[in-house]
Amino acid sequence: MRRFTRAERWVHRTSAALTGLCVATAACLYVPQFAELVGRRHLVVTLHEWSGLLLPVPLLLGLASRALRADLRRLGRFGPHDRRWLRAAVHRDRRQEARPAGKFNAGQKLYASWIAGAALVMLGTGLLMWFTGLTPLVWRTGATFVHDWLALAIGIVLAGHIGMALADPAARRGMRTGSVERSWAEREHPLWEREFEERPRTEDL
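Thresholds, definitions, all that
- As a convention, each chain's residues are numbered from 1 in the sequence order in which they are written.
- In keeping with the model being predicted, local features are shown solely for residues with a pLDDT of at least 70 and side-chain atom pairs are shown and tallied solely at 80 or more, while totals for entire chains, interfaces and linings include all residues.
- Based on all heavy atoms of the structure, the side-chain values leave hydrogens and waters out of the count.
- Grouping buried Ala, Val, Leu, Ile, Met, Phe, Trp, Tyr and Cys residues that are joined through side-chain atoms within 4.5 Å yields what is termed a nonpolar core.
- With a 1.4 Å probe rolled over the protein chains alone, any residue whose accessible area is under 20% of its type maximum counts as buried; one over 50% counts as exposed, and the rest are partly exposed.
- Secondary structure is summarised from DSSP: a helix means a run of H or I of at least four residues, a strand means a run of E of at least two, and numbering begins at the N terminus for each.
- Whether two residues touch is decided by their heavy atoms; if any such pair falls within 4.5 Å, the residues are in contact.
- Nonpolar side chains (Val, Leu, Ile, Met, Phe, Trp, Tyr) are joined into patches within 5 Å and like charges within 9 Å, using only residues with over 30% relative accessible area and no salt bridge.
- For the accessible areas, the method is Shrake-Rupley and the probe is 1.4 Å, while residue cover comes only from the protein chains on display.
- Basic side-chain nitrogens of Lys or Arg form a salt bridge, by our definition, when they fall within 4 Å of a carboxyl oxygen of Asp or Glu.
- pLDDT expresses how confident the predictor is about each individual residue, on a scale running from 0 to 100.
- Stacked, edge-to-face and tilted are the three classes for Phe, Tyr and Trp ring pairs, Trp counted by its six-membered ring, which pair at centre distances within 6.5 Å; planes under 30 degrees apart are stacked, over 60 edge-to-face, the rest tilted.
- The criterion for a charge sitting over a ring is simple: Lys NZ or Arg CZ within 6 Å of the ring centre, and within 35 degrees of the ring normal.

Draft legend 1. Region of interest: the nonpolar core. Met-1, Ala-170, Val-180, Trp-184, Ala-185, Trp-192 and Phe-196 together form the largest nonpolar core, which totals 7 residues. Elements with a contribution of two residues or more to this core: helix H10 (182-188) and helix H11 (190-198). Apart from the residues lying within four places of it in its own chain, the contact partners of Met-1 are Gly-178, Ser-179, Val-180, Arg-182, Ala-185, Trp-192, Glu-193 and Phe-196. In this structure, Met-122, Leu-150, Ile-154 and Leu-158 belong to the second largest nonpolar core, which totals 5 residues.

Draft legend 2. Spatial organisation of a nonpolar patch on the surface. Judged by side-chain polarity, Trp-10, Trp-50, Leu-54, Val-57, Leu-61, Leu-127, Trp-130, Phe-131 and Leu-134 come together as a nonpolar surface patch covering roughly 880 Å² of accessible area. At the level of secondary structure, the elements contributing two or more residues to the nonpolar patch comprise helix H3 (41-54), helix H4 (57-62) and helix H7 (106-130). Relative to the elements of secondary structure, Leu-61 occurs in helix H4. Accessibility expressed as a relative area gives 54% for Leu-61, which makes it exposed.

Draft legend 3. Expanded view of the confidence of the model for the chain. Across the chain, the average pLDDT comes to 90, with 96% of residues at or above 70. When pLDDT is averaged over each element of the chain, H4 comes out on top at 96 and helix H2 (residues 32-38) at the bottom at 81.

Draft legend 4. Summary view of the environment of Gly-124. Tracing the backbone shows Gly-124 in helix H7. As for Gly-124 and Ala-143, which are separated by 19 residues in sequence, their C-alpha atoms are 8.3 Å apart.

Draft legend 5. Focus on the packing of aromatic side chains. Inspection of every chain in the model, using the stated rule, returns 4 aromatic pairs. Plain terms: the ring middles of Trp-50 and Trp-130 are 5.9 Å apart, the flat faces sit at 85° to each other, and that makes the pair edge-to-face. Here Trp-50 is found in helix H3, whereas its partner Trp-130 is found in helix H7, with 80 residues between them in sequence. Here Trp-50 falls in the partly exposed class, since its relative accessible area comes to 45%. For Trp-130, a relative accessible area of 30% corresponds to the partly exposed category. A cation over an aromatic ring shows up here: Arg-3 above the ring of Trp-192, its NZ or CZ 5.0 Å from the ring centre.

Okay, here's the thing in C-alpha cells:
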C-alpha cells in the first residue's frame, strides 16, 4: 500500500537531517565534554544557528505537494477514534480493536502538534538571542531560559520518537520506501486501510 509520496519522504528526511544537526550542535555547545572534544565553537554556533533557521524550509517547500497538505490536515484533526486510542494507550490496552487509527494515530498527531509548536518557539527565542540589539536584556534572558529548557524537552521527546521508530521496522520501511504491507496497515491503521481501499488510485508527486 502506498503510504507516503516522494515529496513527503524528502520533507521528512531533510527535516530530520536539519533537526539532527541542530541537536548535535546544541549538545556540543552545552555539554562541556562534547565542547572539549569538538572544539571550534564559532563553527558549531554558526551551524546551530543556520540549521535552526533552515528547519522550516523543507516543510514550506513541501506544501506544493497535495499529498503533504492532505496529511497535514489529517494530523491536525482529532476525532472520537483518537480519544479511544489515547484511552487505550493510557491504560496500556494493546488490543487492536481498542486502538482504532486512521493514517496517523492519536500519539503521532500529538507528537506532530507538539514538535511543530516547540520548533516555532525555539525559532523565536533563538532569533531573540541572536539579534541582541533588537530587544531589552530581560527579554533575551527569558528567551535564553525558555530556549535551553525547551531544547532539553525536545531532546527527550525526539529520543522517544526515534526509539518507537526503531521498534517498528514496518513503519520505518514505509517512510523509507513510501509503501507498507497491507497486513501492517490493517493491524496498526485499520481506518486508513479502509479509506485507502475506497479512494481513487492516484499518486501525487
